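In case you want the letters, here they are:
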Amino acid sequence: MSVQDSNPRHVAIIMDGNGRWAKKRHLPRAMGHQKGGEAVRRAVKACSKYGIECLTLYAFSSENWKRGEEEVGDLMNLMKKFIGSDLEDFIANGIRLRILGDYTAFEPEIVALLEDALERTKAGKQTLAVALNYGSQQEIARAARLAADQGEISPETIAANLYTADLPPLDLLIRTSGEIRLSNFLLWQSAYAEMYFTEVLWPDFGEQDLKLALDEFARRERRFGGR
Ligand code: FPP
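Residues numbered from 1 in each chain as written. Predicted model: local features only at pLDDT ≥ 70, side-chain atom pairs only at ≥ 80, totals over all residues. Heavy atoms only, no water.

Asker: It is not clear to me how the packing of helix H3 (residues 69-92) against helix H4 (residues 108-120) should be interpreted in this structure. Could you clarify?
Answerer: Between two packed helices, both the angle of their axes relative to each other and the distance between the axes serve to describe the pair. The N-to-C vectors of H3 and H4 enclose an angle of 15°; their axes lie 11 Å apart at closest approach. Comparing the axis directions of H3 and H4 gives the class roughly parallel. Regarding H3 and H4, the two cross each other, and that crossing is left-handed. Contacts between H3 and H4 involve Met-76, Lys-80, Ile-83, Leu-87, Glu-88 and Ile-91 on the former and, on the latter, Glu-109, Ile-110, Leu-113, Leu-114, Asp-116, Ala-117 and Arg-120. (Axes fitted to C-alpha atoms, helices over the stretch in contact; angles between N-to-C directions. Helix = DSSP H or I, 4+ residues; strand = E, 2+ residues; numbered from the N terminus. Parallel < 35°, antiparallel > 145°, perpendicular 65-115°, else oblique. Left-handed = near helix turned anticlockwise from the far one by under 90°. Contact = heavy atoms within 4.5 Å.)

Written as C-alpha cells, this is what we have:
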C-alpha cells in the first residue's frame, strides 16, 4: 500500500481508559491493562502499515508509582510478557525499540529485558518509543542541566539533550478516553504538534481509530507560527 504524503512521521499516544474499560465490564483493572497491551500490538501494526516512522507510547509515567503496589506489579508483569511474546516479531518486522525516561528505576529483571530488546532491535527502520518512568518536566530539567554542563542553554541545545533528540519532530499527539490534557507528556515536543482527542477507551482502539486520526491530521493546515 502506498504511503500518503500527508501522513505524520511521528505519532505519540497517551493510552488512557484501561481502568474504565474494565470497570464498565465489572472486570479487574489488570484485565483492562491486558487488553490495553493488545491495543498496543494493533497500534504498532497499523503504524507500520501506514508508514509512520515513529510511534511513541506513554506506558508508565513517573507519577504512576503512586498507584497501588498490586497495579504497578500488574503493569510490570504485562511489560515482561509483552517483551517475551513480541520481541521476535519486532525484530522480524524492522521495529526498533527506544525508551524515553529513566527505566533503570525498574526491577533488575525488567532493566535486563529492556536492554536486551534495545540491543536486538537496533537495526530496525521504524521506531517504537516507549515512555517508561517518564515525566516531561523532569526530561526538560535534565536536558537543561546537560545543556548547561555543555556550556550553552538554548532551545536547540535543550532539544539536543531530550530523550527524543534523534527522533523525527512530533507531528500528531493522540489521547484516548475523552480526557483533554497532556499529563506531563512530551510538553516540549508538542510545541507544533497537532492534538487529537477521542472518546474511545484505549483497549478498544484499533486500526480504524488510528485512520480517523490520520485523516483528521491530513485535513489540518499546519502553519508553525507563520501565516
Ligand atoms: C491508562 O489507563 C493506562 C496506563 C496507566 C498504562 C498504559 C499501559 C498499557 C496500555 C499496558 C501495555 C503497555 C505496553 C507497552 C505493553 P488508566 O488505568 O489510567 O485508565 P482509567 O483512567 O480509565 O482508570
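Having seen the structure, we can now continue with the description.
Asker: Got a minute to help me understand unusual backbone geometry in this structure?
Answerer: Note on backbone geometry: most residues besides glycine have negative phi, and most peptide bonds are trans. With a phi angle near 80°, Ser-177 is a residue other than glycine that sits in the positive phi range. Mapping Ser-177 onto the fold places it in the loop between strand E5 (172-175) and strand E6 (194-197). Positive phi values are uncommon outside glycine, yet Ser-183 reaches one of about 45°.

Asker: Even after reading the chapter, I still don't get the sheet that holds strand E4 (residues 126-134), so can you show me in this structure?
Answerer: Strand pairs in the sheet, formed through backbone hydrogen bonds, run parallel or antiparallel to each other. In spatial order, the strands read E3-E4-E2-E1-E5-E6; together these six strands make up an open sheet with parallel pairing. Strands with a single pairing partner mark the edges of an open sheet, and in this sheet they are strand E3 (95-100) and E6. For this sheet, the mean inter-axis angle between neighbouring strands, taken without regard to orientation, is 20°. With seven bridges connecting them, strand E2 (residues 54-61) and E4 associate as parallel partners. (Pairing = 2+ DSSP bridges.)

Asker: Please clarify how the packing of aromatic side chains should be interpreted in this entry.
Answerer: Inspection of the entire model under this criterion finds ten aromatic pairs. Look at Phe-60 and Phe-106: their rings are 5.5 Å apart centre to centre, the planes differ by 75°, and that puts the pair in the edge-to-face class. Note that Phe-60 is positioned in strand E2 and Phe-106 in the loop between E3 and H4, a separation of 46 residues in sequence. Given a relative accessible area of 4%, Phe-106 falls into the buried group. In textbook terms, an aromatic cluster arises when at least three aromatic residues are bridged by ring pairs, as seen for Tyr-58, Tyr-134, Tyr-163 and Phe-185. (Phe/Tyr/Trp six-rings, centres within 6.5 Å; stacked < 30°, edge-to-face > 60°. Buried < 20%, exposed > 50% of the residue type's maximum accessible area, 1.4 Å probe, protein only.)

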